[in-house]
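Each chain is listed here by its residues.
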Amino acid sequence: MEKGETASGRGRQRMNGATALSRRSFGETMRPDIWWIQPLLVFLGLATFIVYSTWAAFQGRNYFAGNYVSPFYSPEVFGDSPHSWFGPKPGWWPGWLIFSPALLVLWAPAGFRVTCYYYRGAYYKAFWADPPACTVGEPRKSYWGEQSFPLIMQNAHRYFLYLALFFLIVLSLDVWKALWFSDGFGIGVGAIVLAINVVLLGGYTFGCHSLRHLIGGFRDQLAGSTSAFTTYRCVSCLNQRHMLWAWLSLFWVGFSDLYVRLCSMGVWHDLRIV
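Cut-offs used in this document
Along each chain, residues carry numbers from 1 onward, in the same order as the chain's sequence is written. Totals for whole chains, interfaces and linings use all residues, but because this is a predicted model, local features are given only for residues with pLDDT of at least 70 and pairs of side-chain atoms are given and counted only at 80 or more. Hydrogens and water molecules were not included; the side-chain quantities draw on all heavy atoms of the structure. Put simply, DSSP marks the helices as runs of H or I at least four residues long and the strands as runs of E at least two long, and each gets a number from the N terminus on. The contact definition used throughout considers only heavy atoms, calling two residues in contact when any of these lie within 4.5 Å. Areas reported as accessible are Shrake-Rupley estimates using a 1.4 Å probe. Residue values count occlusion only from the protein chains shown. Whether a residue is buried, partly exposed or exposed follows from its accessible area with a 1.4 Å probe, protein chains only, as a fraction of its type maximum: under 20%, in between, or over 50%, in that order. When a carboxyl oxygen of Asp or Glu is within 4 Å of a side-chain nitrogen of Lys or Arg, the pair counts as a salt bridge. Each residue carries a pLDDT score, the predictor's confidence in it, ranging from 0 to 100.

**Let's talk about the overall build of the protein chain**
So, step 1. When you go through the protein chain residue by residue, the secondary structure sums to eight helices and six strands.
So, step 2. The order of α-helices and β-strands along the protein chain, N terminus first, is β-β-α-β-β-α-α-α-β-β-α-α-α-α.
So, step 3. Of the contacts made within the protein chain by residues no fewer than 6 positions apart, 66% connect residues no fewer than 24 positions apart.
So, step 4. On the protein chain, roughly 16300 Å² of surface is accessible, and the fraction owed to carbon and sulfur atoms is 66%.

In structure tokens:
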């Protein structure tokens, strides 16, 4: 056995004094655990949300119930509900083009999640098998990185962050509006659902990696700046559970739309607590 070679020597060869690992074929691994469970669950979870949110976005109806409005449709730039900012569908909208208030706004939160550092790793594994899991062979032979199209568009995440912060303000105002019924102030289950949605989205957004860089003063090194380090550490507290916030907020924003939708359809009846 040559010096520097492992006992098995499997998949290894000597090249100019350095050890090189041969590329694994797709799915090949020495892992003894059931490694495919996690990417499978991620695939099912994300696929379910994508299918439901796409369906809900193209409906264009049953997205508001009294003082409640679905977060998929907020802010409602144009629409038929009392929550619309600028009134009904404009006359200049092409007749052949499907209209839904959600299609005017969903691109922003969708872009924020698609370019999110956590979700990149999640759907790279679950949808693209790039790789399907750590130390598991992938179906491609080259690595392009994120410096070529289309993955270079992932660098827009920091700009989607600014839009996400704006949407948090809008959704918080929706919670305030949800507390006012025709007979005055009140608290219904729907208002609680929408409030939880804002809290979970806030936990996800305020734990964003890009926000840590922003709130840390755009510094690559925090040494010598007490205030920058303090704010950076504050965001890091949420960032430590970024995956948990990501999944909870994803599930709850979908449930919030479902709750408002079923109330609008008369399937569910909102319970007035106060």
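Further notes follow.
**Regarding unusual backbone geometry**
Residues other than glycine predominantly adopt negative phi, and peptide bonds predominantly adopt the trans conformation.
So, step 1. Here Ser74 and Pro75 are connected by a cis peptide whose omega angle stands at 5°.
So, step 2. Within the secondary structure, Pro75 sits in the loop between β4 (68-69) and α2 (107-114).
So, step 3. Despite not being glycine, Asn62 has its phi angle at roughly 55°, a positive value.
So, step 4. Its place among the elements puts Asn62 in the loop between α1 (37-59) and β3 (64-65).

**Remarks on the environment of Val274**
So, step 1. With respect to the secondary-structure elements, Val274 resides in the segment after α8 (242-265).
So, step 2. Of the residues examined, Val274 reaches a relative accessible area of 53% and is grouped as exposed.
So, step 3. Measuring from C-alpha to C-alpha, the distance between Val274 and Val189 comes to 9.8 Å, with 85 residues separating the pair along the chain.
So, step 4. Non-local contacts of Val274, meaning those with residues more than four positions away in its chain, are made with Gly186 and Ile187.

**Quick look at the pattern of salt bridges**
So, step 1. Inspection of the entire model under this criterion finds two salt bridges.
So, step 2. The partner of Arg272 in a salt bridge is Asp183, with the nearest N and O atoms 3.3 Å apart. A residue pair is termed long-range when its members are at least 10 positions apart, and Arg272 in the segment after α8 and Asp183 in the loop between β5 (180-181) and β6 (184-185) qualify at 89 residues.
So, step 3. On the accessibility criterion, Arg272 (34% relative accessible area) is partly exposed.
So, step 4. Asp183 gets classed as exposed once you look at its relative accessible area, which sits at 59%.
So, step 5. Note that Arg261 is salt-bridged to Asp257, the shortest N-O span being 3.2 Å. With Arg261 and Asp257 both in helix α8 and four residues apart, the pair spans about one turn of that helix.

**A word on the confidence of the model for the protein chain**
So, step 1. Mean pLDDT over the protein chain works out to 84, with 82% of the residues at or above the 70 mark.
So, step 2. Counted against residues more than four places away or in other chains, residues 1-21, with its pLDDT under 50, gives 19 contacts.

**Concerning the side chain of His157**
So, step 1. Inspection of the secondary structure puts His157 in helix α4 (residues 157-178).
So, step 2. Filtering out sequence-adjacent residues up to four positions away, His157 remains in contact with Phe112, Thr115, Cys116, Tyr117, Arg120, Cys208 and Ser210.

**Things to note about the environment of Pro39**
So, step 1. Structurally, Pro39 can be placed in helix α1.
So, step 2. The spatial distance from the C-alpha of Pro39 to the C-alpha of Ala133 is 7.3 Å, given a sequence separation of 94 residues.
So, step 3. Not counting the four nearest positions on each side in its chain, Pro39 is found in contact with Lys125, Ala126 and Pro132.

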